[in-house]
Amino acid sequence: MADTGVSPVEQAKAAGIKLLKEHAVIGGRRAPVGAKFIEVDNPSNGRVIGVIPDLEPADVQAAIQAAADAFPAWSKTPQVERAALMRKWAALIDENEIGLAALMATENGKPFEEAKGEVRYANSFIKWFAGVAESLHGESMESPTKGMTILSLKEPVGPAALIAPWNFPAAMITRKVGPAFAAGCTVVIKPAHQTPFTAIALVDLALEAGIPEGVINLVTGQPGAVGEVLTASPLIRKLSFTGSTPVGRTLMAQCAPTLKRLSMELGGAAPLVVFDDADIELAVAETIKGKFRNSGQTCVCPNRVYVQRGVYDAYLEGLTAAVSALKLGDAFEPDVKVGPLIDRKGLEKVKRHVAWAHEHGSKVTTGGTPARQEGLFYTPTVLAGGDDSLFREEETFGPVVPVFAFDTEEEAVTRCNSSDFGLASYFFTRDFDRTMRVARALEDGIVGMNTGLISNAAVPFGGVKQSGFGREGSLYGIDEYLSVKSVTLALK
Ligand code: NAP
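Residues numbered from 1 in each chain as written. Predicted model: local features only at pLDDT ≥ 70, side-chain atom pairs only at ≥ 80, totals over all residues. Heavy atoms only, no water.

Peer 1: What exactly am I supposed to notice about the pattern of salt bridges here?
Peer 2: When their charged atoms lie close together, side chains carrying opposite charge are able to pair. Within this structure, the stated rule accounts for 23 salt bridges. Of the charged contacts in the structure, one is a salt bridge between K238 and E480, with a shortest N-O distance of 3.8 Å. With K238 in strand 10 (residues 238–242) and E480 in the loop between strand 21 (468–469) and strand 22 (482–490), this pair connects stretches of sequence that are 242 residues apart. For the residue pair K238 and E480, the accessibility class agrees, reading buried in each case. The partner of R352 in a salt bridge is E394, with the nearest N and O atoms 3.0 Å apart. With R352 in helix 12 (residues 344–359) and E394 in the loop between helix 13 (389–393) and strand 16 (400–406), the pair connects residues that are 42 residues apart, well separated along the chain. On the basis of relative accessible area, R352 is assigned to the partly exposed category, the value being 43%. Salt bridges sharing partners connect three or more residues here, namely D277, E409, R434 and R437. (Salt bridge = Lys/Arg side-chain N within 4 Å of Asp/Glu carboxyl O. Helix = DSSP H or I, 4+ residues; strand = E, 2+ residues; numbered from the N terminus. Buried < 20%, exposed > 50% of the residue type's maximum accessible area, 1.4 Å probe, protein only.)

Next comes the structure, spelled out in structure tokens:
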């Protein structure tokens, strides 16, 4: 960063403010804030940072129409040309990394350094799927019927609605837009009301990169009303949703009359298991990485930790020391590792979970209280022992790790699988046979062995059971936006 006498943090904040735009994007037109708007605040200090349009259903219809009108040309654009435009977009995201990260840290509250990491992670999906676009191909085979050849052509499903949550304000958008563009789909994005500005900035950069008008649209407003228009429209052929399981169910039901293709990336209650033979230092370090990203507000955060009796004390002691050393604070303070909860509802949920655990036999080994009288900060917390039933069925979505002891591998696997959710799980061991046994036995879409970080552009990401269906990232991610047309050729 240039030496202007202004501190790097102040320069970053200024770069973020430059990118902060208060508009929706409808067919290339920037739709400004009108009489109705929604305020967006900074969870680190509660101050309003801007407003977004509270659109009318007719505006959402206009965005859908723009996506439908742009679809024929975009879907026929040669895939190398689409890939080249995606790479231009990715280059602009790289150039604006600092500003995007500052914007994200301001509206989401995640530490600035972590926000920079998310911008890179988000951009990796655009870059990865530009490569996938270039190598996209169908198949041909000889038919079992003599004299016939079968072609399997891959075609984009059509205009797609993409509804995203606030916890990864950039990555949850690009993990959908990347494969959608690679497949040839046009999109209407609905970001979360808490974190719209990162998404708007990304869309503006896409237009600046030359993504044609109408190919990328962004709508804001009341979620129920916007969702109803998107799901009811016959022009929208695909819905990709990331968010909570109850909202996922509602949207799925709303999509039934128009039979849309669906991807549902929903909630989780991930278990993390530490076996007697594990490297305990590693297990502690990886638990911290997995759990405290975004202040414990990720769908794949370990929600409950099971430790085999022989290493329980050593793990608990190590974890307690590591968690009590985590610095809590405003996203832009140096060395901060844990920020605020996203809103009052999030803070109240964390308080409820800790109180429930206390009533059901858990002991607090560190933390266990809100950090200040005011604000949304909760002290990083470790709970030991007690009842795990709440943590099997409800994600805490906060900086709290409940730790429970177990005796046998069979017991650990049973407790892991005793949940309606099936998104992610983690285990730590040095035994290869156990690795394969446990990895196969866990009822989750994503499993990490000896690591707390299980997502990048190459990983097929998605859940089973009440965590949803469909995969994002990886070579499978594009299939969610493609349909296969078979052409049978009866050749003479
Ligand atoms: P949420 O309340 O379900 O909201 C997610 C998105 O859906 C937001 O854009 C929200 O809009 C919108 N929405 C809410 N109600 C709607 C409706 N009736 N119709 C249409 N859209 C509607 O979830 P959240 O609290 O933002 O996110 C946290 C949840 O996401 C957690 O359960 C987490 O586990 C899950 N998650 C899953 C994954 C995954 O990959 N599986 C990744 C990240 C997060 P507003 O913001 O305007 O309300």
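Additional details are given in the paragraphs that follow.
Peer 1: So what exactly am I meant to see when it comes to the packing of helix 3 (residues 79–95) against helix 6 (residues 171–183) here?
Peer 2: Any two packed helices are characterised by the angle at which their axes cross and by the distance between the axes. One way to put it is that helix 3 packs onto helix 6 with a least axis distance of 9 Å and a crossing angle of 155 degrees. Taken together, the axes of helix 3 and helix 6 are roughly antiparallel relative to one another. Judged by the twist between their axes, the crossing of helix 3 over helix 6 is right-handed. For the pair helix 3 and helix 6, contact is made by R82, M86 and W89 and by V177, G178, F181, A182 and A183, respectively. (Axes fitted to C-alpha atoms, helices over the stretch in contact; angles between N-to-C directions. Parallel < 35°, antiparallel > 145°, perpendicular 65-115°, else oblique. Left-handed = near helix turned anticlockwise from the far one by under 90°. Contact = heavy atoms within 4.5 Å.)

Peer 1: What is the right way to look at the environment of D444 in this model?
Peer 2: Mapped onto the fold, D444 is located in the loop between helix 15 (432–441) and strand 19 (446–449). Separated by 3.0 Å, the side chains of D444 and S425 make a polar contact. (Polar contact = N/O pair within 3.5 Å; in protein donor to acceptor, adjacent residues only side chain to side chain.)

Peer 1: Looking at this model, I keep getting lost on the packing of aromatic side chains. Mind explaining?
Peer 2: Two aromatic rings are characterised by how far apart their centres lie and by the angle between their planes. Using the criterion set out here, one finds 10 aromatic pairs in the structure. Seen from their ring centres, Y121 and F168 are 6.5 Å apart, and the 65 degrees between their planes marks the pair as edge-to-face. Placement of the pair is Y121 in helix 5 (residues 112–134) and F168 in the loop between strand 7 (160–163) and helix 6, with a sequence separation of 47 residues. Accessibility classification places Y121 together with F168 in one group, the buried group. (Phe/Tyr/Trp six-rings, centres within 6.5 Å; stacked < 30°, edge-to-face > 60°.)

Peer 1: Looking at this model, I keep getting lost on helix 12. Mind explaining?
Peer 2: Along an α-helix, a turn takes 3.6 residues, which lines up residues three or four apart on a common side. Helix length check: helix 12 (16 residues) gives 23 Å between terminal C-alpha atoms against 22 Å at 1.5 Å per residue, within 8%. Within helix 12 the residues assigned to the buried category are G346, L347, V350, H353, V354, W356 and A357. Lining the buried residues of helix 12 we find strand 15 (381–384), helix 13 and strand 16. Among the residues trailing helix 12, G361 stands out with phi positive, at a value near 95 degrees. (Expected span 1.5 Å × (residues − 1).)

Peer 1: Even after reading the chapter, I still don't get the sheet that holds strand 15, so can you show me in this structure?
Peer 2: Whether parallel or antiparallel, the strands of a sheet pair through hydrogen bonds between backbone atoms. Spatial ordering of the open sheet is given by 14-15-16-13-12-18-19, a layout of seven strands whose pairing is mixed. Unpaired on one side and paired on the other, strand 14 (363–366) and strand 19 mark the two borders of the sheet. Taken over all neighbouring pairs, the strand axes of this sheet differ in orientation by 25 degrees on average, direction set aside. Pairing of strand 14 with strand 15, which is carried by three bridges, proceeds in the antiparallel orientation. Following the sheet pairing, V364 is matched in strand 15 by L383. Those strands touched by helix 15 are strand 13 (302–308), strand 18 (424–428) and strand 19, and its axis lies near 165 degrees from that of strand 18. (Pairing = 2+ DSSP bridges.)

Peer 1: I keep staring at the site of the ligand and nothing clicks. Help me out?
Peer 2: In the region of the ligand, 30 residues are neighbours, and A164, H193, S244, L266 and E395 sit closest. Measuring from an oxygen atom of the ligand, one finds a backbone N or O atom of G243 at 3.4 Å. Within the side chain of E395, an N or O atom sits 2.4 Å from an oxygen atom of the ligand. Sorting the residues of the shell around the ligand by element identifies helix 6, helix 8 (223–232), strand 10 and helix 9 (245–255) as the ones contributing at least two each. Top contributing element to the shell around the ligand by residue count: helix 8, with three residues. Residue composition of the shell around the ligand, grouped by class: 16 nonpolar, 10 polar and four charged. (Near = heavy atom within 4 Å. Nonpolar A, V, L, I, M, F, W, Y, C, P; charged D, E, K, R; others polar.)

Peer 1: Please clarify how the environment of L85 should be interpreted in this entry.
Peer 2: Within the fold, L85 resides in helix 3. Looking at L85, the relative accessible area reads 17%, which means it is buried. Sequence-distant contacts of L85, defined by excluding residues within four places in its chain, comprise W74, A209, G210, I211 and P212.

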